[in-house]
Amino acid sequence: MRARDTLPVELPGPVREALLAPLVDHHCRGVRRDDLTRARFERLITEAGTPAPPGTTHFDTPAGAAVRRWCAPVLDLDPHAPPAVYLARRTELGPAEVNRRLLRAAGIVAFLVDTGPDGPELLSAAEMGRLGDAAADEIIRIEQIEQDVAEKASSPVSYISALGQGLADGAARAVGLKSAIAYRHGLDFDPARPGRGSVIAAAGRRLARPGARLTDPVLLRHLLWAAVDVARERGLPLQFHTGYGDPGLDLHRADPALMTGFVRALQPIGVPVVLLHCYPFHRQAAYLANVFPHVYVDIGLVLTRTAAGSAAVMGELLELVPFHKQLFGSDGHGVAETCHLGALYYRRSLARALAVRLADDEWSVPDAARVAHLIGSGNARRLYRL
Amino acid sequence: MRARDTLPVELPGPVREALLAPLVDHHCRGVRRDDLTRARFERLITEAGTPAPPGTTHFDTPAGAAVRRWCAPVLDLDPHAPPAVYLARRTELGPAEVNRRLLRAAGIVAFLVDTGPDGPELLSAAEMGRLGDAAADEIIRIEQIEQDVAEKASSPVSYISALGQGLADGAARAVGLKSAIAYRHGLDFDPARPGRGSVIAAAGRRLARPGARLTDPVLLRHLLWAAVDVARERGLPLQFHTGYGDPGLDLHRADPALMTGFVRALQPIGVPVVLLHCYPFHRQAAYLANVFPHVYVDIGLVLTRTAAGSAAVMGELLELVPFHKQLFGSDGHGVAETCHLGALYYRRSLARALAVRLADDEWSVPDAARVAHLIGSGNARRLYRL
Amino acid sequence: MRARDTLPVELPGPVREALLAPLVDHHCRGVRRDDLTRARFERLITEAGTPAPPGTTHFDTPAGAAVRRWCAPVLDLDPHAPPAVYLARRTELGPAEVNRRLLRAAGIVAFLVDTGPDGPELLSAAEMGRLGDAAADEIIRIEQIEQDVAEKASSPVSYISALGQGLADGAARAVGLKSAIAYRHGLDFDPARPGRGSVIAAAGRRLARPGARLTDPVLLRHLLWAAVDVARERGLPLQFHTGYGDPGLDLHRADPALMTGFVRALQPIGVPVVLLHCYPFHRQAAYLANVFPHVYVDIGLVLTRTAAGSAAVMGELLELVPFHKQLFGSDGHGVAETCHLGALYYRRSLARALAVRLADDEWSVPDAARVAHLIGSGNARRLYRL
């Protein structure tokens, strides 16, 4: 199935072409290279950390229905194939062929891959590019760099210096940095850069338990500001997970508006802040992108997970977000289905929004086409200097 | 007027039949058995605690317009009957006949009735069932049990033991328990079970003012954990009022995401958590149901109150909620119109959502029918083991 | 272009007439009297405090697209005129003619003008009325009165007394008062009236820096309660900025639900509370208007800024707001385009909502017309006793 067959509405030629043009996926992660059991596959199409309750299945979610509807045809099955049929066909084709088909059919020209905390069972950025017939670049996860540093450092002072070096080394090969402080603390962190004394003290405590997940607020803030220094030096944007995610998150502390003080602090420094996912605070994110010149937004993951309901979410984001501030990201992760559906629902939901604006005589055809181009690839090329 | 005449869209036969099939109403309260003045009736079609301001009427609300539109024909009046005509006809028919007509026309096969804090002017669960030609079971309100215990206990120790006994006795005749801690404290309560020492101390203070409404955070948490013990033992779910309610509520403290820590604490225990109402935090509620295996959601009251606007709310809930986690509840209370409209707007709003998914070629007809069946009754039968 | 040509849907005659009837704009500010550079104009069509990032323009926002679409024809240009063409025509006509055309075409019969903190470059209330061929009244900004008093007072006691006098004098010529405490502190302020001792102490500190922007929580609360006293005495409503605004705001502290305690405190006093803008907390605002008899709501600014996306926002407000509690306000400010678009998107978004309710057979034609009349002017006339 080609992308062109999946738009839900008739659109004027130029708008259609702009929507179907290759996308820059500014935020995804790797997908598994191995064959997957049904249990494993179900876990990878949801953010739930557990199997579905007895007698139920994670296929009975909007995202599960979307896999059956839209990915089945890419594997030569009828739409709405039952889960067992879908998974049997997946095994029959083998993971390499499944990944190749789903990634290529997504119509993505470049993947920016968060190589985060995952292991060798996931494809690397280069492999994602190769299978997807696309360019590939890396986004580095700053909490992962800290973890690596903490496990090797011998003293607080060497920890601090190794952290700076680790970030600089990572940034040298990357097109952006990413923070998951929403998971480690929440976005209601103190926006001020912590003093060196308190960082040294916290680093001392940290080195007593270097294998633990970093949750110390002082070190998380130090890490963030060290990342800001590196980002400023190299002209890189800083991505933040906000909103919807896995059950490790306290959702009410992942509202990007809670970061307003930090956003203000970064404005004179000029480091772009990219808010990812955001749901159900995507209106707050659009507000921040509207009033702050250095804030960008992408609802990535959410379009895949809300699937048949994604048009309303996209519509709400478009209420305030400037056309030059929104990005496309699939947040593909774990299985290639998520990349595929990320691109598909991005195109479907934006198509719907543009069709409404054209039918209402709100936007001109050239404007609608230009907006689709900006969000789909233009803004990412400018921001990440691809 | 039969339920089948009230769907707002054309739907394929199986979907239509699934929507019109009898519902299990997993959360309602009793309705008044007596004839009502206009002032009293107006108060019961709103959450406002006061009459409408001078020169206005509570009929000038979405719910008021819905009463005139949809309940008037059940009383043999034209749609949109003026309030005075509607109320005159209500009096003419008498409360028993009005209740009988509105409850039966709701198409409900079983009522799970929160017998909470209300007095003898409300129909009992058994009476609701008899008038509505339906089965009826009870949900016990834990704060009400505490109130009864506090008024009789002679010492902190006997209070604690009577509370446990009261909950156990209540649970023995019920299919679920319900907490209104959102009203008493807010959902931002400490998720930990309080220690026995602090409970005894708090119980001592409580017994000095046994007639007061319980608002002590330690005792509220003790009550909640005692309810968890009983619910686990008997395999019962624990319902929570969240979101929209009467003016006694601080809405921003009724966001169910604030309960995330408590939800996490209950996960290994396995007691199902049922989030009621939720609005305007229904997306947060759907998120919790999506990522935690033991969380269920129902927007009950909200469909009745938002009435003509309910389709958008239902659409937003469906963005993330797993199909096996959503329930139907009318939150009917006070007047049978609220039960009737709860069922009617549940069907209308879900019909709209399903029609969109079918028209967009997102879901198959059998899937849409199956989802309607699960939400309308299947999930409740499984969860409450009816 | 006449207002009648700008409705997006067919509507029955009486509904159409009610929507197109002259509006009472219960909340706007003055517009500039001078010719504007492109940089200045761009700043005035956004809440951003800064120019758009290099290579971008504030015209690439929903509001910017709306200026080109809907204001261009009022200046005899084609819809969707490019920004440069639009601004050249604006200069050619001159500010007086541009203001005259845009204000008159808005179809507004009375402006209630917040004369707040702005200087002589803005039209006064009287001038707004004259250019717009409308009546004009004043709303006084209480923080501005405090600023004037602080700069003149010689002692804490004289500050307190001058503040009371200043508010009384302002109220004598006004139809309402307005607070911007959302910007100065956030809406999570202590609802209690501060004691005289703490006010005197705070006033002492204040007089040491009389030119600074007032942010002291005690004095802000004193100011608010002094305004309540004056409002009660004169029967005036008290408007509050809530939700969406410029980057000086912490959005998560501008949720009107945070003011619930203060709203409760005002209920027995009877001073009406008018919540402005509210987005993205407009559902919370509608809830407050639904359950408290003295709360009113208007999403003003938001309709202009969300423009092509405004129908969804209006739809959400209408989910719960009583028909006698919603108001129309353009929040026009800086350029007459904002007044014009405020009225236009109010009519367009309400037209859409009414059309849906009529098509769904939810409301009768007379009801829909009556609701449009109430929101457009009736409620404001009653509330402000115009």
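Here the structure is a predicted model, which is why all the values come from computation and not from measurement.

1. Digging into the overall build of chain A
A count of helical and extended segments in chain A gives 17 helices and seven strands. Its C-alpha radius of gyration of 21 Å places chain A within 12% of the 21 Å reference for a compact globule of 386 residues. In chain A, which comprises 386 residues, the share counted as buried stands at 67%. Within chain A, counting contacts between residues at least 6 apart in sequence, those at least 24 apart form 76% of the total. By element, 53% of the accessible surface of chain A is carried by carbon and sulfur atoms, the whole surface being about 12100 Å². Distance between charge centroids for chain A: 2 Å, based on 44 positive and 42 negative side chains.

2. Examining the interface of chain A and chain B
Counting from both sides, the interface comprises 40 residues of chain A and, opposite them, 32 residues of chain B. A salt bridge links R69 of chain A to D361 of chain B, with the nearest nitrogen and oxygen atoms 2.6 Å apart. In this structure, the connection of chain A to chain B is made through 20 residue pairs in polar contact (both at pLDDT 80 or more). At five residues, helix α3 (residues 62-71) of chain A tops the list of elements feeding residues into the side of chain A that touches chain B. Split by residue class, the side of chain A that touches chain B holds 17 nonpolar, 13 polar and 10 charged.

3. So, helix α8 (residues 156-172) of chain A
Residue and element names in this part refer to chain A. Helix length check: α8, at 17 residues, gives a terminal C-alpha distance of 24 Å against a target of 24 Å (1.5 Å per residue), a fit within 8%. Burial in α8 covers these residues: Y159, I160, L163, G166, L167, G170 and A171. Summarising the axial view, the buried residues of α8 lie within an arc of 125 degrees, below the 170-degree limit, and thus occupy one face. Tucked inside the fold, the buried residues of α8 contact β3 (135-141), α7 (142-152), β4 (176-179), α10 (196-208) and α11 (217-234).

4. Quick look at the UniProt feature "domain: Amidohydrolase-related" (unreviewed entry) in chain A
With numbering aligned to this structure, UniProt lists the feature "domain: Amidohydrolase-related" (unreviewed entry) at residues 216-386 of chain A. Secondary structure over residues 216-386 of chain A splits into 55% helix and 8% strand, and the C-alpha atoms at its two ends are 35 Å apart.

5. Observations concerning the interface of chain C and chain B
With 32 residues of chain C at the interface, the matching set in chain B holds 41 residues. Both sides of the chain C and chain B interface together cover about 3000 Å² of buried area, and 51% of this is carbon and sulfur. Looking at the side of chain C facing chain B, the largest losses of area belong to Y287, E319 and E362 of chain C, adding up to 22% of the total buried there. Counting across the chain C and chain B interface gives seven salt bridges. The residue D360 of chain C makes a salt bridge to R352 of chain B at a minimum N-O spacing of 2.6 Å. For the pair chain C and chain B, the interface holds 20 residue pairs in polar contact (both at pLDDT 80 or more).

6. Topic: the packing of helix α15 (residues 310-317) of chain C against helix α16 (residues 336-359) of chain C
Residue and element names in this part refer to chain C. Across the interface, α15 lies against α16 with an axial gap of 8 Å and an inter-helix angle of 60 degrees. Accordingly, the angle class assigned to the pair α15 and α16 is oblique. When you trace α15 past α16, the crossing you get is right-handed. Together, S310, A311, M314 and G315 of α15 and Y345, Y346, S349, L350, R352 and R357 of α16 make up the contact between the two elements. Its residues assigned to classes, the contact of α15 with α16 comprises five nonpolar, three polar and two charged.

7. A look at the packing of aromatic side chains
By the definition in use, this model includes 27 aromatic pairs over all chains. Measuring from ring centre to ring centre gives 6.1 Å for F41 of chain A and Y86 of chain A, while their planes differ by 50 degrees; the resulting arrangement is tilted. Placement of F41 of chain A in helix α2 (residues 38-44) and of Y86 of chain A in helix α4 (residues 83-93) is noted, with a sequence separation of 45 residues between them. Overall, the relative accessible area of 0% leaves F41 of chain A in the buried class. Look at Y86 of chain A and you get buried, because its relative accessible area is 0%. Judged by centre distance (5.5 Å) and plane angle (80 degrees), the ring pair of Y244 of chain B and Y287 of chain C falls under edge-to-face. One end of the pair, Y244 of chain B, is in the loop between β5 (238-242) and α12 (260-266); the other, Y287 of chain C, is in helix α13 (residues 282-291), on a second chain. Y287 of chain C carries the same exposure label as Y244 of chain B, and that label is buried. Here the basic side chain of R69 of chain C rests over the ring of W70 of chain C, its NZ or CZ set 3.8 Å away from the ring centre. Positioned above the aromatic ring of Y296 of chain C, the side-chain terminus of K325 of chain C is 5.4 Å from the ring centre.

8. Side note on the relation of the copies chain A and chain B
The two copies are related by a screw operation: chain A maps onto chain B through 120 degrees of rotation and 0.0 Å of translation along the axis, at an RMSD of 0.0 Å. A rotation of that kind, with that shift, is consistent with a three-fold axis. When C-alpha distances to the rotation axis are compared across chain A, the minimum falls at A312 of chain A, with a value of 5.2 Å. Each copy contacts the other with its own distinct surface, as only 2% of the interface residues of chain A are interface residues in chain B too.

9. Considerations on the side chain of N99 of chain B
Turning to its location among the elements, N99 of chain B is positioned in helix α5 (residues 95-105). Residue classification places N99 of chain B among the buried positions, given a relative accessible area of 3%.

10. Description of the nonpolar core
The biggest cluster of nonpolar side chains holds 410 residues, and the ones touching the most others in it are Y86 of chain A, Y86 and Y159 of chain B together with Y86 of chain C. In contact with Y159 of chain B, not counting residues within four places along its chain, are E146, V149, A150, A153, A203, R206, L207 and L219 of chain B.

11. Regarding the domain arrangement of chain A
The parts lose accessible area when they come together, and the size of an interface is often stated as this lost area. All names here are of chain A. Here the domain parsing of chain A yields domain 1 (3-32 + 106-383) and domain 2 (36-93). Here domain 1 and domain 2 have C-alpha centroids that lie 26 Å from each other. The interface of domain 1 with domain 2 comprises 22 residues on the first partner and 18 residues on the second. Taking both sides of the interface into account, the surface hidden between domain 1 and domain 2 amounts to around 1500 Å²; carbon and sulfur atoms contribute 63%. Our count for the domain 1 to domain 2 interface comes out at two salt bridges. One can count six residue pairs in polar contact (both at pLDDT 80 or more) joining domain 1 with domain 2. Elements with a minimum of two residues in the side of domain 1 that touches domain 2: α14 (300-306) and α16 (336-359). Residue composition of the side of domain 1 that touches domain 2, by class: nine nonpolar, eight polar and five charged.

12. Focus on the pairing of strand β6 (residues 273-277) of chain C
Residue and element names in this part refer to chain C. The buried fraction of β6 amounts to five of the five residues, a majority that puts the element mostly inside the structure. Inspection of the sheet shows strand β5 (residues 238-242) paired to β6 by five bridges, in the parallel sense. Among the inter-strand pairings, Q239 is bridged to a residue of β6, identified as V274. As a crossover connection, the stretch from β5 through helix α12 (residues 260-266) into β6 is right-handed. Two strands pair when backbone bridges link them, and β6 and strand β7 (residues 295-298) are joined in this way by four bridges, in the parallel orientation.

13. Section: the environment of P8 of chain C
All names here are of chain C. The topology assignment puts P8 in the segment before α1 (13-20). On the basis of relative accessibility, which here comes to 24%, the residue P8 falls in the partly exposed class. In the structure, P8 is positioned 344 residues away from R352 in sequence and 7.0 Å away in space, judged by C-alpha atoms.

The rules we used
Residues numbered from 1 in each chain as written. Chains lettered and ligands numbered in written order. Predicted model: local features only at pLDDT ≥ 70, side-chain atom pairs only at ≥ 80, totals over all residues. Heavy atoms only, no water. Helix = DSSP H or I, 4+ residues; strand = E, 2+ residues; numbered from the N terminus. Rg over C-alpha atoms; globule rule 2.2 N^0.38 Å. Buried < 20%, exposed > 50% of the residue type's maximum accessible area, 1.4 Å probe, protein only. Contact = heavy atoms within 4.5 Å. Areas by Shrake-Rupley, 256 points an atom, 1.4 Å probe, with all protein chains shown as cover. Lys, Arg positive; Asp, Glu negative; His and termini not counted. Charge placed at Lys NZ, Arg CZ, Asp CG, Glu CD. Salt bridge = Lys/Arg side-chain N within 4 Å of Asp/Glu carboxyl O. Polar contact = N/O pair within 3.5 Å; in protein donor to acceptor, adjacent residues only side chain to side chain. Nonpolar A, V, L, I, M, F, W, Y, C, P; charged D, E, K, R; others polar. Expected span 1.5 Å × (residues − 1). Arc of directions from axis to C-beta. UniProt positions renumbered as here; feature names shortened; annotations may be inferred. Buried area = accessible area lost by both parts, 1.4 Å probe. Axes fitted to C-alpha atoms, helices over the stretch in contact; angles between N-to-C directions. Parallel < 35°, antiparallel > 145°, perpendicular 65-115°, else oblique. Left-handed = near helix turned anticlockwise from the far one by under 90°. Phe/Tyr/Trp six-rings, centres within 6.5 Å; stacked < 30°, edge-to-face > 60°. Lys NZ or Arg CZ within 6 Å of the ring centre and 35° of its normal. Least-squares fit on C-alpha atoms with pLDDT ≥ 70 in both. Core = buried A, V, L, I, M, F, W, Y, C linked by side-chain atoms within 4.5 Å. Domains from an automatic or database assignment. Pairing = 2+ DSSP bridges. Right-handed = clockwise from strand over helix to strand, strands pointing away.

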